[in-house]
Amino acid sequence: MRRIAVGILASMMVLVIAAAPAAAQKKEALKARGYFGVGGGLALPVGDYADAFKTGWDGDVFGGVTTKGGLWGVRADLMWAQNNLKAGLNGHERLAGLNADLVITPGHRPADWHPYFLAGIGVYNGKESAAGVTGSDTKLAVNAGAGIQIHTGHRMDVFLEGRFVTIRTPGSALNFVPFNVGFRWGGI
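Residues numbered from 1 in each chain as written. Predicted model: local features only at pLDDT ≥ 70, side-chain atom pairs only at ≥ 80, totals over all residues. Heavy atoms only, no water.

(A) Representation of the nonpolar core. Among the nonpolar cores identified, the biggest contains 14 residues, and Tyr 49, Leu 95, Tyr 124, Val 165, Ile 167, Leu 174 and Phe 176 are the most heavily contacted of them. The set of elements that each furnish at least two residues to this core consists of strand S3 (72-84), strand S5 (113-130), strand S7 (156-169) and strand S8 (172-186). (Core = buried A, V, L, I, M, F, W, Y, C linked by side-chain atoms within 4.5 Å. Buried < 20%, exposed > 50% of the residue type's maximum accessible area, 1.4 Å probe, protein only. Helix = DSSP H or I, 4+ residues; strand = E, 2+ residues; numbered from the N terminus.)

What follows is the structure, given as structure tokens:
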């Protein structure tokens, strides 16, 4: 009887010891990793916005969190863009926006490069400045896009990203596509 009790006790200890790393791995997989980045590039007007404005520039500062495996994440970014008027007119449209996005990064880590996809909502303030015309308005926006992260060193990546942003205005939409290049630190 004593041998059976010792055998059962030893079996239970082996199971507990074997299960501990598996539980730790599962708990570790749920941990999140933060990141931040900066970038800039072109702000390409689209649709009716392109009829009146030239291609301009934009800058972007962002921060986010990914799961340890890097597949899912969320990100918030501040964007500043400016497009000048066409046809020799003096003036420009400045856009300052805040976006909140869901980010999906397929593929296995670590990798030398990987794509990612993002989509979300935001709020943008547009300020028009032209001869005799000034005004400012804040509206809701929707955006979606894709990018590529290229691993360059310990916890640092270079990214290339493009997205479509549509700012809802009464009766129409102000649409533009920012194409950005920049650096990202942290995360996966």
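(B) Geometry of the packing of aromatic side chains. A full pass over the atoms with the stated rule returns six aromatic pairs. Note on Tyr 124 and Phe 176: the rings are 6.2 Å apart at their centroids and 80 degrees apart in plane angle, and the pair reads as edge-to-face. A residue pair is termed long-range when its members are at least 10 positions apart, and Tyr 124 in strand S5 and Phe 176 in strand S8 qualify at 52 residues. A network of ring pairs unites the aromatic residues Tyr 35, Phe 62 and Phe 159 as a single cluster. For Arg 75, the ring lying beneath its charged end belongs to Phe 62, and the centroid distance is 4.2 Å. (Phe/Tyr/Trp six-rings, centres within 6.5 Å; stacked < 30°, edge-to-face > 60°. Lys NZ or Arg CZ within 6 Å of the ring centre and 35° of its normal.)

(C) Structural context of the pattern of salt bridges. If you walk through the whole model with that rule in mind, you get seven salt bridges. Here Arg 75 makes a salt bridge to Asp 60, at a shortest N to O gap of 3.6 Å. One end of the pair, Arg 75, is in strand S3; the other, Asp 60, is in strand S2 (residues 56-67), with 15 residues separating them in the sequence. Of the residues examined, Arg 75 reaches a relative accessible area of 5% and is grouped as buried. Its relative accessible area of 2% is what places Asp 60 among the buried residues. Between Arg 163 and Glu 161 there is a salt bridge, and its shortest N-O distance comes to 3.2 Å. For the pair formed by Arg 163 and Glu 161, the shared burial category is buried. If you follow the salt bridges from partner to partner, you end up with Asp 60, Arg 75, Asp 77, Asp 101, Glu 161 and Arg 163 in one network. (Salt bridge = Lys/Arg side-chain N within 4 Å of Asp/Glu carboxyl O.)

(D) Structural view of the sheet that holds S2. Pairing is antiparallel around the closed barrel formed by eight strands, whose spatial order is S1-S2-S3-S4-S5-S6-S7-S8. Between one strand and the next, the sheet's axes are offset by a mean angle of 25 degrees, whatever the strand orientation. Relative to S8, strand S1 (residues 32-46) is paired through twelve bridges, and the arrangement is antiparallel. If you follow Phe 36 over to S8, its bridge partner there is Trp 185. (Pairing = 2+ DSSP bridges. Axes fitted to C-alpha atoms, helices over the stretch in contact; angles between N-to-C directions.)

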